[in-house]
Every structure is written in C-alpha cells, then in structure tokens.
Amino acid sequence: NVRRYDTMFDRFRQVAHEEPVGAGSQGGKRSREKPVPVYSPHAPTIVDMPGYGYAAVGKEKVAAWTKLIHEYLRGRSNLMRVYVLIDARHGIKDVDGAVLETLDKAAVSYQVVLTKGDALKKADQTFMTEATYDEIKRRPAAFPEVLLTSSETGAGLPEFRAAIGRVLAEYG
C-alpha cells in the first residue's frame, strides 16, 4: 500500500510547508517545521513524524499535524513498533495520552522514550521513568519498558538503538 503512505507524507509536507500536495521534500534537509518522513526506501521503513505537542510554529499548524498523525496511526496494526518521544521534564501530557489512546485502539505496539533526561537530576530521572511506566503499564499496546535518553550526553541512546535492533530482529 505504498501509494497510501506517499499520499500521507504529501499531506504532512503540505501542512508543514503550506505547499501544494505532491510538491515534494526540500532535499532531505531537516528543520523544526519540516518533517523528514522516510529514512529507508526498503522495508522495514523508519518514519520520523512531525511532533504533535510543542513546536515553534502556530497552533493551527500543530493542530493540523496532530490530526494527520492520528489519521496515519489509525488502522496501522502492520507497524512493528512506534516510539513515542516524550520530554522527561514534563512526562506524559494530555496530548501524549491522546496519541497513546489512538495507538491502543489501533492495536499498534509502542514504546515510550523519554527525551532530555540530562535536564533532570538523577533522582528525578528515576522518578520520571518509574512514573511513566506506572502510567503505561496497563495500556494494551504499550511495550513494558520506558527508555530515558539524552541527545546532549548520549545517555540511553545505545539502549534505544538496541531496542530498535531487537524489534527488527524479531520481525526478521
């Protein structure tokens, strides 16, 4: 169903860039407003979707992205795993809970990855990881492990890569 995915990515680009549908990407360059949807043209494909929470763009654009994300995730039980990145400084907010609910209803396996772990003290890192686990442990599609990462220090990134590797190995 490749065409369906292409259409969805075109819609993400249209919302992100206010371009006409089918206008294409900007040479693979990333910015805060430009989602980079596909990293590999072959299966399995890794998709980087635009954020649905805070963004340095207008509320209408964030709302449009959020709507498209929910549309994309509904009925996608063929996805191996979705990694939901959540700011460790704030934990699961209402907007995150809505995405997790969509994934639960769609029976799409997901794993929560806390970001910006370096912004928390060690005790707060442990607390936030445990509190997040407590929030997801009863959710039907949640993978029962919360990862804490930091792009600043690299903490948790090897574990995140290993988690992705295990999923890829499991599905061959």
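In what follows, the structure referred to is the one given above.
Bear in mind the structure is a predicted one, so any value in this text is a computation, not a measurement.

Requested: an account of the side chain of Gln125, with residues and values cited.
With respect to the element layout, Gln125 can be found in helix H4 (residues 122-136). A polar contact is formed between the side chain of Gln125 and the backbone oxygen of Leu120, at a distance of 3.3 Å. Apart from residues no more than four positions distant in its own chain, Gln125 is found in contact with Gly117, Asp118, Leu120 and Leu148.

With reference to specific residues and values, describe the pattern of salt bridges.
Counted under the stated rule, the structure contains 6 salt bridges. In this structure, the salt-bridge partner of Asp104 is Arg139, at a minimum N-O distance of 2.6 Å. Pair noted here: Asp104 is in helix H3 (residues 94-106) and Arg139 is in the loop between H4 and strand E3 (147-148), with a separation of 35 residues, a long-range link. Among the residues examined, Asp104 registers a relative accessible area of 12% and is labelled buried. Of the charged contacts, one joins Lys137 and Asp134 as a salt bridge, the two residues approaching to 3.5 Å between their closest N and O atoms. Overall, Lys137 belongs to the partly exposed group, its relative accessible area being 42%.

So what's going on with the sheet that holds E3? Residues and values would help.
Strand order in the open sheet made by the 3 strands is E1-E2-E3, with parallel pairing throughout. Either end of the sheet is taken by a strand with one partner, and the two such strands are strand E1 (82-87) and E3. Direction of pairing for E1 relative to strand E2 (residues 110-115): parallel, over a ladder of 6 bridges. Each residue of the ladder has a partner; that of Ile86, found in E2, is Leu114. Taken strand by strand, helix H5 (residues 157-171) contacts E1, E2 and E3, and its axis lies near 160° from that of E1.

The rules behind each value
- Residues numbered from 1 in each chain as written.
- Predicted model: local features only at pLDDT ≥ 70, side-chain atom pairs only at ≥ 80, totals over all residues.
- Heavy atoms only, no water.
- Helix = DSSP H or I, 4+ residues; strand = E, 2+ residues; numbered from the N terminus.
- Polar contact = N/O pair within 3.5 Å; in protein donor to acceptor, adjacent residues only side chain to side chain.
- Contact = heavy atoms within 4.5 Å.
- Salt bridge = Lys/Arg side-chain N within 4 Å of Asp/Glu carboxyl O.
- Buried < 20%, exposed > 50% of the residue type's maximum accessible area, 1.4 Å probe, protein only.
- Pairing = 2+ DSSP bridges.
- Axes fitted to C-alpha atoms, helices over the stretch in contact; angles between N-to-C directions.

Worth remembering: the numbers are spatial, not functional.
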